[in-house]
Amino acid sequence: MITMEHVCKSYKIAKRNAGFGEACKALFHREYEVIHALNDVSFTIHDGEMVGYIGPNGAGKSSTIKILSGILTPDSGTVLVDGRVPFKNRIDHVREIGVVFGQRSQLWWDVPVIDSFELLKDIYLISDSQYKHSLDELTELLNLAELLRSPARQLSLGQRMRCEIAASLLHQPRILFLDEPTIGLDAVSKLAVRDFILKQNQTHKTTVILTTHDMQDIESLTQRILLIGKGQILMDGSLDDIRTENDSIDETIAELYRSYQI
């Protein structure tokens, strides 16, 4: 179970105007702006749920995922993931979660993908038998056989994302955080990734939190959505709660954003 209660997170950002004079002035008197990424965020996600976490750019989605995965520490509030505090129990926590950031890679750029997998095996202390079983299963389901011997830099975006998802699941995590996993993918690759995520949830009861701007991902994969805007949870429900008869999913979400003025 995942629980966030009254979580707040702020960032202090240095700002200055353009020009050499302004740069010199900033050496002695720096101006800052405080950004409230999360403001009293609370929600609970149960084991085996697939939840869509949506909102406009800058709403606080990635900050939430980074706190849940232990990368960031909240300013206040409590966070529990399967009874663990993510940022305090980092080593135990990362053994139970998988994280995919669509715009960041965990594969080593210049070496074959299989070498990255072997290194992750050692990092997560995966046994030989578990590693072989996971690798065989993921290779078949994600169609990776022709990709494992190629360096990550030589793969297309869709091929690399399939390998990224496999890398995050080699240690068989119970919870999967997906931050824009289909960004930039073509239609065929998107369908393959969606189908795999569904099978992973159905077969292994993996809990999935999905953040994306592609509402077709949300429609295909999730039964529940959390809407965040300006650092606050604005809605917790399903697409059926907000869907109108004639509107597409994109029109429905756009109208939802307008109604909350985000």
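How each quantity is defined
- Residues numbered from 1 in each chain as written.
- Predicted model: local features only at pLDDT ≥ 70, side-chain atom pairs only at ≥ 80, totals over all residues.
- Heavy atoms only, no water.
- Axes fitted to C-alpha atoms, helices over the stretch in contact; angles between N-to-C directions.
- Helix = DSSP H or I, 4+ residues; strand = E, 2+ residues; numbered from the N terminus.
- Parallel < 35°, antiparallel > 145°, perpendicular 65-115°, else oblique.
- Left-handed = near helix turned anticlockwise from the far one by under 90°.
- Contact = heavy atoms within 4.5 Å.
- Nonpolar A, V, L, I, M, F, W, Y, C, P; charged D, E, K, R; others polar.
- Pairing = 2+ DSSP bridges.
- Phe/Tyr/Trp six-rings, centres within 6.5 Å; stacked < 30°, edge-to-face > 60°.
- Lys NZ or Arg CZ within 6 Å of the ring centre and 35° of its normal.
- Buried < 20%, exposed > 50% of the residue type's maximum accessible area, 1.4 Å probe, protein only.
- Core = buried A, V, L, I, M, F, W, Y, C linked by side-chain atoms within 4.5 Å.
- Arc of directions from axis to C-beta.

**Thoughts on the packing of helix α6 (residues 157-169) against helix α7 (residues 187-204)**
Where α6 contacts α7, the two axes come as close as 10 Å, and the packing angle between them is 15 degrees. Between α6 and α7, the crossing angle belongs to the class labelled roughly parallel. Remark: the crossing between α6 and α7 carries right-handed chirality. Residue-level inspection shows Gly158, Ile165 and Leu169 of α6 in contact with α7, the latter providing Ser189, Val193, Phe196 and Gln200. Of the residues in the contact of α6 with α7, the class split is four nonpolar, three polar and no charged.

**Observations regarding the sheet that holds strand β1 (residues 2-15)**
Pairing is antiparallel in the open sheet, where three strands are placed in the order β2-β1-β4. The sheet is open, and its two borders are formed by β2 (31-45) and β4 (76-81), each paired with just one other strand. The sheet shows a mean angle of 30 degrees between the axes of neighbouring strands, direction not considered. Note: β1 against β2, 11 bridges, orientation antiparallel. Along β2, the bridge assignment pairs Val7 with Val41.

**A closer look at the packing of aromatic side chains**
Applying the stated criterion across every chain yields a total of one aromatic pair. The ring of Tyr32 has Lys12 sitting right over it, with the charged end atom 4.6 Å from the ring centre. Seen from the ring of Tyr131, Lys121 lies directly overhead, with NZ or CZ sitting 5.9 Å from the centre.

**Let's talk about the pairing of strand β8 (residues 224-229)**
For β8, the tally of buried residues reaches six of six residues, placing the bulk of the element in the interior. Both faces of β8 are covered, namely the face carrying Arg224, Leu226 and Ile228 and the face carrying Ile225, Leu227 and Gly229. For strand β3 (residues 50-54) and β8, the ladder comprises four bridges, and the chain directions are parallel. Residue pairing in the sheet places Val51 in a bridge with Arg224 of β8.

**Some remarks on the nonpolar core**
Ranked by internal contacts, the top residues of the largest apolar core, which has 44 residues, are Ile54, Phe117, Leu170 and Ile253. Take this core: its biggest share by element is six residues, from α6. What Ile54 contacts, discounting residues up to four positions off in sequence, is Lys61, Thr212, Met215, Ile218, Ile225, Leu226, Leu227, Ile228, Ile253 and Tyr257. Counting residues in hydrophobic clusters, the runner-up holds 23 residues, among them Met4, Ile67, Val79 and Ile209.

**Concerning the packing of helix α4 (residues 113-123) against α6**
Between α4 and α6, the least distance of the axes is 10 Å, while the angle of their chain directions is 20 degrees. Classified by the interaxial angle, the pair formed by α4 and α6 is roughly parallel. Remark: the crossing between α4 and α6 carries right-handed chirality. Residues Val113, Phe117 and Leu120 of α4 form the contact with α6, whose own contacting residues are Cys163, Ala166 and Ala167. When grouped by side-chain class, the residues that make up the contact of α4 with α6 number six nonpolar, no polar and no charged.

**Some words on helix α10 (residues 249-259)**
Within the sequence span of α10, burial applies to Ile249, Thr252, Ile253, Leu256 and Tyr257. Along α10, the residues classed as buried sweep out an arc of 135 degrees about the axis, all on the same side. In the core, the buried residues of α10 are packed alongside β3, α8 (215-221), β8, β9 (232-237) and α9 (239-242). Of the residues one or two after α10, Gln261 is the one with positive phi, at around 55 degrees.

**As for the sheet that holds strand β6 (residues 175-179)**
Spatial ordering of the open sheet is given by β5-β6-β7-β3-β8-β9, a layout of six strands whose pairing is mixed. Of all strands in the sheet, those bounded by a partner on one side alone are β5 (97-101) and β9. Neighbour-to-neighbour, the strand axes of this sheet turn through a mean angle of 15 degrees, independent of strand direction. Where α6 meets the sheet, its contacts fall on β5 and β6, and the angle it forms with β5 comes to roughly 160 degrees.

Remember that the coordinates give geometry; whether it matters functionally is a separate question.
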